[in-house]
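A closer look at the structure
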Amino acid sequence: MKIRILSAADVNAALSMRDAIQVMRTAFGQFSAGKAVVPLRSGLHTEKGVTLLMPAYLQESRDLAIKIVSVYGKNPEIGLPTVTAIVTVLDPDTGMPVAFMDGQSLTALRTGAAGGLAADLLSRKDARRVVLFGAGVQGRSQLRAAMTVRPVEKVFVVDHNQGRAKDLAGEIRTWPRAPEVTVPSSIRDAVHAADIVLAATTSTTPIFDGNDLEPGAHVTGVGAFTPDMQEIDENTVRRARVIVDSREACLAEAGDIIKSRAHIDAELGDIVNGQSPGRQNQEEITFFKSVGLAAQDAAAASAVLAGAEIKGLGTVAEMA
Ligand SMILES: NC(=O)c1ccc[n+]([C@@H]2O[C@H](COP(=O)([O-])OP(=O)(O)OC[C@H]3O[C@@H](n4cnc5c(N)ncnc54)[C@H](O)[C@@H]3O)[C@@H](O)[C@H]2O)c1
């Protein structure tokens, strides 16, 4: 049995953001059409943390994978990340493992790509100004994805850790086709100016006032993953057409949706499948809420493996 082992660098080299967004299109489409087998994730608790098992199978594209995510809060004390993850890809015909890959880079890629798909379906075609909240791993990926689908010219980076915001601003300036970047002194003015607002923070309370959004703005929120956490406020939810990755998951887990008693208009996959419209006019405010689906991991992992095979990336180990 041969297994391809892919590092974070291999994952990033195997699949471009543009291709990852296309992969998310088919993943969300299948998910909302009931063509994804996604058992409830199981959690294995120990004295020091929890390990989550997230399996999924997409019936049309035949992507089969399991993500194993550990959240161990004391890891930073010994110089290790709190969250670590690995994804195993299985052959859908035999069930045999065919690849192991870094799960953190895959998660960032697929979460960014979901935001990119939402921006493509929901933001104005001429969206040029972006406010990014959260200068972390997911924030970077959200911004790269938005820049892939829209002609972004101006970016405001907001983080309650000013140093991180400044560091990311400096980093973005080195990207190819870099937009103009500033760390704004007024969040209100930045939100006011934004065509797209990206929220990728660990905040437990709302990070901006939705009354400051201009008509036509699009908001994506990927933080706030428990019922008690809230990143996007009630004003945004009240003014926006609300789209989610999964109705069931968001109603169970997303404080942004639960606390505001949001009316969910559609799943992203319903728009992909033509069951619900994308952006309807220039004035509509839209809000896409993501908690993250195992179906995204399976689809992205298969596509990464296919890209890695073509490009000869990673190490192939003979297991037996
Ligand atoms: N939806 C998904 O599929 C998905 C997938 C992975 C991670 N996430 C979530 O995305 C969020 C970000 O993850 P990450 O890995 O980038 O974390 P990170 O720690 O790398 O970055 C988060 C950033 O948010 C900043 N922040 C916290 N509160 C803030 C506030 N009120 N205003 C501005 N900035 C603030 C922090 O200073 C930090 O720089 C987490 O909540 C994580 O659980 C979602």
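Criteria and cut-off values
Residues numbered from 1 in each chain as written. Predicted model: local features only at pLDDT ≥ 70, side-chain atom pairs only at ≥ 80, totals over all residues. Heavy atoms only, no water. Axes fitted to C-alpha atoms, helices over the stretch in contact; angles between N-to-C directions. Helix = DSSP H or I, 4+ residues; strand = E, 2+ residues; numbered from the N terminus. Parallel < 35°, antiparallel > 145°, perpendicular 65-115°, else oblique. Contact = heavy atoms within 4.5 Å. Nonpolar A, V, L, I, M, F, W, Y, C, P; charged D, E, K, R; others polar. Buried < 20%, exposed > 50% of the residue type's maximum accessible area, 1.4 Å probe, protein only. Pairing = 2+ DSSP bridges. Core = buried A, V, L, I, M, F, W, Y, C linked by side-chain atoms within 4.5 Å. 1 Å grid on protein atoms, 1.4 Å probe; cavity = no way out; pocket = protein on both sides within 12 Å on 5 of 7 lines; lining within 4 Å. Points joined across faces, edges and corners; volume = space filled by probe spheres on them. Domains from an automatic or database assignment. Buried area = accessible area lost by both parts, 1.4 Å probe. Salt bridge = Lys/Arg side-chain N within 4 Å of Asp/Glu carboxyl O.

For any two helices packed against each other, the geometry is given by the interaxial angle and the distance between the axes. Taken N-terminus to C-terminus, the directions of helix H2 (residues 17–32) and helix H3 (residues 103–122) make an angle of 80°; their axes are 8 Å apart at the nearest point. Put simply, H2 runs roughly perpendicular to H3. Note on element contacts: H3 touches H2 through Leu 109, Arg 110, Gly 112, Ala 113, Ala 114, Gly 116, Leu 117, Asp 120 and Leu 121, opposite Met 17, Ala 20, Ile 21, Met 24, Arg 25 and Phe 28. When its residues are assigned to classes, the contact of H2 with H3 shows ten nonpolar, two polar and three charged.

Side-chain alternation along strand S11 (residues 196–199) places Ile 196 and Leu 198 on one buried face and Val 197 and Ala 199 on a second face that is also buried. Note: strand S8 (residues 129–133) against S11, four bridges, orientation parallel. The partner of Val 131 across the bridge, within S11, is Val 197. One ladder, built from four bridges, connects S11 with strand S12 (residues 218–221); its direction is parallel. By the bridge assignment for S12, Ile 196 is matched with His 218.

Next up on the list: the nonpolar core. Core analysis: the biggest nonpolar cluster contains 68 residues, and Met 24, Met 101, Leu 106, Leu 143, Val 157, Leu 268 and Val 304 have the highest contact counts within it. Examining the composition of this core, we find that ten residues originate from one element, helix H11 (residues 294–311), more than from any other. Once residues within four sequence positions are removed from consideration, Met 24 is found in contact with Arg 110, Ala 113, Ala 114, Leu 117, Gln 296, Ala 299 and Ala 300. Phe 208, Ile 232, Val 242 and Ile 257 belong to the second-largest nonpolar core, a separate cluster that totals 28 residues.

Here the focus is the layout of surface pockets. Taken as a whole, the largest pocket encloses approximately 1500 Å³ of empty space. Lining the largest pocket we find 44 residues, and of these Val 83, Gln 138, Thr 202, Val 222 and Phe 225 sit closest to its centre. Put simply, the parts of the chain that give the lining of the largest pocket at least two residues each are strand S4 (50–58), strand S5 (63–71), strand S6 (83–90), H3 and helix H4 (137–149). At six residues, H3 tops the list of elements feeding residues into the lining of the largest pocket. Mapping the lining of the largest pocket onto the domain boundaries places at least three of its residues in each of domain 1 (2–106 + 295–318) and domain 2 (123–292). What the second largest pocket holds in volume is close to 430 Å³. The set of elements that each furnish at least two residues to the lining of the second largest pocket consists of S4 and helix H8 (247–253). If you tally residues by element for the lining of the second largest pocket, the top one is H8, at four residues. Residue composition of the lining of the second largest pocket, by class: eleven nonpolar, three polar and three charged. Formed jointly, the lining of the second largest pocket draws a minimum of three residues from each of two domains, domain 1 (2–106 + 295–318) and domain 2 (123–292).

Alternating residues of strand S15 (residues 286–289) divide into Thr 286 and Phe 288 and Phe 287 and Lys 289, and every residue in both groups is buried. When strand S13 (residues 241–244) meets S15, the two strands line up parallel, connected through four bridges. Looking across to S15, one finds that Arg 241 is bridged to Thr 286.

Another point: the domain arrangement of the protein chain. Here the protein chain is described as being made up of domain 1 (2–106 + 295–318) and domain 2 (123–292). On a C-alpha basis, the centroid separation for the pair domain 1 and domain 2 is 24 Å. Taken together, the contact between domain 1 and domain 2 spans eleven residues of the former and 15 residues of the latter. When domain 1 packs against domain 2, close to 1100 Å² is buried across both sides, 60% of that on carbon and sulfur atoms. The three residues of domain 1 that bury the most area against domain 2 are Met 17, Phe 28 and Ser 32, which together make up 44% of that side's buried surface. Arg 41 is paired through a salt bridge with Glu 253; the nearest N and O atoms lie 4.0 Å apart.

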